[in-house]
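These are the residues of each chain, in order.
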Amino acid sequence: MDAYNEERERQIHLLKMRRRNLRDTSDPFNVTYETFTKSYRLSQDLVFSLIELIQPFIARRNSPLAVPLELKVLAVLSFYATGSYQRPTGCHFDCTIGQTTVSRFIDEITDALNEEEVLARLVRFPANDQEINNSIVRNRSLGGKIDNVLGYTDGSLFKIRKPSVENNRQAFIGRKNFACINAQITCDRRLYVMNVLARYPGATTDSFIFEDSALRRRMVEIYNGRRCHLLGDVGYVLEPWMIIPFAGPEEDTPERRFNKCHCGDRNAVERCIGVLKERFRFLHDDCVPHYDYVKVCKFVNCGVVLHNLCVLTNTPLYLDDLDEALLVNNNVNEERPEEFEEADDPEDPDPDVPIGRRNAAAVIALGHQVRREIVEELEARRQ
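Residues numbered from 1 in each chain as written. Predicted model: local features only at pLDDT ≥ 70, side-chain atom pairs only at ≥ 80, totals over all residues. Heavy atoms only, no water.

**Focus on the overall build of the protein chain**
- When you go through the protein chain residue by residue, the secondary structure sums to 13 helices and 5 strands.
- Within the protein chain, residue pairs in contact and separated by at least 24 positions form 69% of the contacts whose partners lie at least 6 positions apart.
- Just so you have it, the protein chain exposes about 20500 Å², and 48% of that area is on carbon and sulfur atoms. (Helix = DSSP H or I, 4+ residues; strand = E, 2+ residues; numbered from the N terminus. Contact = heavy atoms within 4.5 Å. Areas by Shrake-Rupley, 256 points an atom, 1.4 Å probe, with all protein chains shown as cover.)

**Quick word on the packing of helix α4 (residues 69–82) against helix α6 (residues 99–113)**
- Interhelical geometry of α4 versus α6 gives an angle of 90° and a closest axis separation of 9 Å. Our classification of the angle between α4 and α6 gives roughly perpendicular. Two secondary-structure elements touch here, α4 through Leu69, Lys72, Val73, Val76, Phe79 and Tyr80 and α6 through Phe105, Ile106, Glu108, Ile109, Thr110 and Leu113.
- The class makeup of the residues in the contact of α4 with α6 is 9 nonpolar, 1 polar and 2 charged. (Axes fitted to C-alpha atoms, helices over the stretch in contact; angles between N-to-C directions. Parallel < 35°, antiparallel > 145°, perpendicular 65-115°, else oblique. Nonpolar A, V, L, I, M, F, W, Y, C, P; charged D, E, K, R; others polar.)

**Quick look at the nonpolar core**
- Judged by nonpolar contacts, the single largest core of 94 residues is most densely connected at Tyr80 and Leu113.
- With 11 residues, helix α12 (residues 293–312) is the single largest residue contributor to this core.
- Taken together, domain 1 (1–114) and domain 2 (126–382) each give at least three residues to this core, which thus spans both. (Core = buried A, V, L, I, M, F, W, Y, C linked by side-chain atoms within 4.5 Å. Buried < 20%, exposed > 50% of the residue type's maximum accessible area, 1.4 Å probe, protein only. Domains from an automatic or database assignment.)

**Things to note about the confidence of the model for the protein chain**
- Looking at the protein chain as a whole, the pLDDT averages 84, with 82% of positions reaching at least 70.
- In this model residues 351–357 is a low-confidence stretch, pLDDT under 50, and it forms 4 contacts with partners more than four residues away in sequence or in other chains. (pLDDT = per-residue confidence, 0-100.)

**Re the side chain of Asp285**
- Its location among the elements puts Asp285 in the loop between α11 (254–279) and α12.
- One polar contact links Asp285 to Lys277, side chain to side chain, over a distance of 2.9 Å. (Polar contact = N/O pair within 3.5 Å; in protein donor to acceptor, adjacent residues only side chain to side chain.)

**Structural notes on the packing of aromatic side chains**
- In total, this model carries 16 aromatic pairs according to the counting rule given.
- What links up through ring pairs into an aromatic cluster is the set Phe79, Tyr80, Phe282, Tyr291 and Phe299.
- A cation sits over an aromatic face here: Lys277 above Phe158, 4.6 Å from the ring centre.
- Above the face of the Phe246 ring, Arg371 is positioned so that its terminal group lies 3.8 Å from the ring centre. (Phe/Tyr/Trp six-rings, centres within 6.5 Å; stacked < 30°, edge-to-face > 60°. Lys NZ or Arg CZ within 6 Å of the ring centre and 35° of its normal.)

**Observations regarding α11**
- Given a rise of 1.5 Å per residue, 26 residues ought to cover 38 Å, and the 38 Å separating the end C-alpha atoms of α11 matches this to within 8%.
- At Arg266, α11 shows its maximal kink, close to 30°. (Expected span 1.5 Å × (residues − 1). Bend = angle between axes of the 7 residues up to and from the residue.)

**Here's the deal with unusual backbone geometry**
- Positive phi, close to 55°, is recorded for Asp252, a residue that is not glycine.
- Residue Asp252 is classed as exposed on the basis of its relative accessible area of 64%.
- In the Ramachandran plot, Asn314 falls in the positive-phi region, its phi being about 55° despite a non-glycine side chain.
- Within the secondary structure, Asn314 sits in the loop between α12 and α13 (355–382).

**Considerations on the environment of Asp129**
- By the element assignment, Asp129 lies in helix α8 (residues 129–141).
- Along the sequence, Asp129 and Ile222 sit 93 residues apart, while their C-alpha atoms lie 8.7 Å from each other.

**Side note on the pairing of strand β1 (residues 149–159)**
- Of all 11 residues in β1, 10 are buried; the element is thus mostly enclosed.
- Summarising the sheet, β1 and strand β4 (residues 229–231) pair through 3 bridges and their orientation is parallel. Along β4, the bridge assignment pairs Tyr152 with Leu231. (Pairing = 2+ DSSP bridges.)

**Section: the pattern of salt bridges**
- Summed over all chains, the structure comprises 24 salt bridges.
- In this structure, Asp147 engages Arg140 in a salt bridge whose closest nitrogen and oxygen atoms are separated by 2.4 Å.
- Bridged by salt links that share partners, the residues Arg61, Lys72 and Glu108 form one connected network. (Salt bridge = Lys/Arg side-chain N within 4 Å of Asp/Glu carboxyl O.)

**With respect to the pairing of strand β3 (residues 193–201)**
- Relative to β3, strand β2 (residues 180–187) runs antiparallel, the two being bridged by 7 bridges. In the sheet register, Asn182 faces β3, and the bridge partner there is Tyr200.
- The turn linking β2 back onto β3 is made up of 5 residues, and Leu191 within it adopts a positive phi angle of 75°.

**Details of the sheet that holds β1**
- One open sheet holds the 5 strands; their spatial order is β3-β2-β1-β4-β5, and the pairing between them is mixed. Only two strands of the sheet have a single partner each, and these edge strands are β3 and β5 (242–243).
- Relative to the sheet, α8 contacts β1 and β3, its axis offset from that of β1 by approximately 80°.
- Against the sheet, α12 contacts β1, β2 and β3, and its axis sits at roughly 170° relative to β3.

**Brief notes about the packing of helix α2 (residues 33–40) against α4**
- Contact pair α2 / α4: the axes reach a minimum separation of 7 Å and the direction vectors enclose 70°. Of the possible angle classes, the one that applies to α2 and α4 is roughly perpendicular. Side by side, α2 and α4 meet where Phe36, Ser39 and Tyr40 of the first sit next to Leu74, Leu77, Ser78 and Ala81 of the second.
- In terms of residue class, the contact of α2 with α4 is built from 5 nonpolar, 2 polar and no charged.

This is how it looks when you write it as structure tokens:
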């Protein structure tokens, strides 16, 4: 035993005297998991998976002086994560890169992440009955109080460089009085983004975007086969497949309790947008981008793709002094859209009212009925 202890002490002494090994500074992957994830928001393994995914969409260069794809991706991820300018991104990166080269890399990787195949693979809305059922059950099992909820939808503003007058500047001034685009995001309770639509100017209302979207058409199709809903805020029109809260209900009423459940459930999309913007600071409200709306729309899609990768692999969000209040979308729409009054006699509609408006009124009336049924279900469960 004494010999064992002596040998152990000798080994410890040798370790103390041995010169420490310095990491290979030419290898940006040669750092700890936490350090790497803080810098690039993705883990080392996840970056390699991302490279494998987008490699078919990156032009191959046979020059021995060409920058490896790994360094291109890391430079762009560093830009996405910090929201910094291109020149300092290239200067503080592990391998010094010029501003124009960083700009070219950003365009190249951003376009690859916006390829239809990449978006379809990583931003997926339930496509069949089994996936729809799995999503509904998952939302309920993760704490959702309202049954048959497929997802949670909200619009969020992303800043852009102020357009010129010729490019219809006023159309891009959103409700927060800055130049932006309005992106519609739909997620589940995992904070996984199931659908993103980022192409409308900031002045466009949430209700118009949803009305004009393929998502609404898909929800109508799904609803005709199975009763399920999205939850949205008061910026949307009440429909059977889009349930919004009551306006100003009194205290201690079924409607008030429904609103409380609705708010708690729909908090998922607020938190999802907040996490997206904190994880990738180039989308954050505090960042003032010097890019036009076309590129910012692509940036939003990129952020969603990378965010979903992190969600699917449970990659932690390492942020110093993380404030939970920052992980909430502060661009909540508090304005109600136009609502249609129900006809006094549905069997004898007013001929002066256009058919489209009468159809919309009928859909809203059905939405009121569905919401009332949900309130009754919640009340029955409460008793």
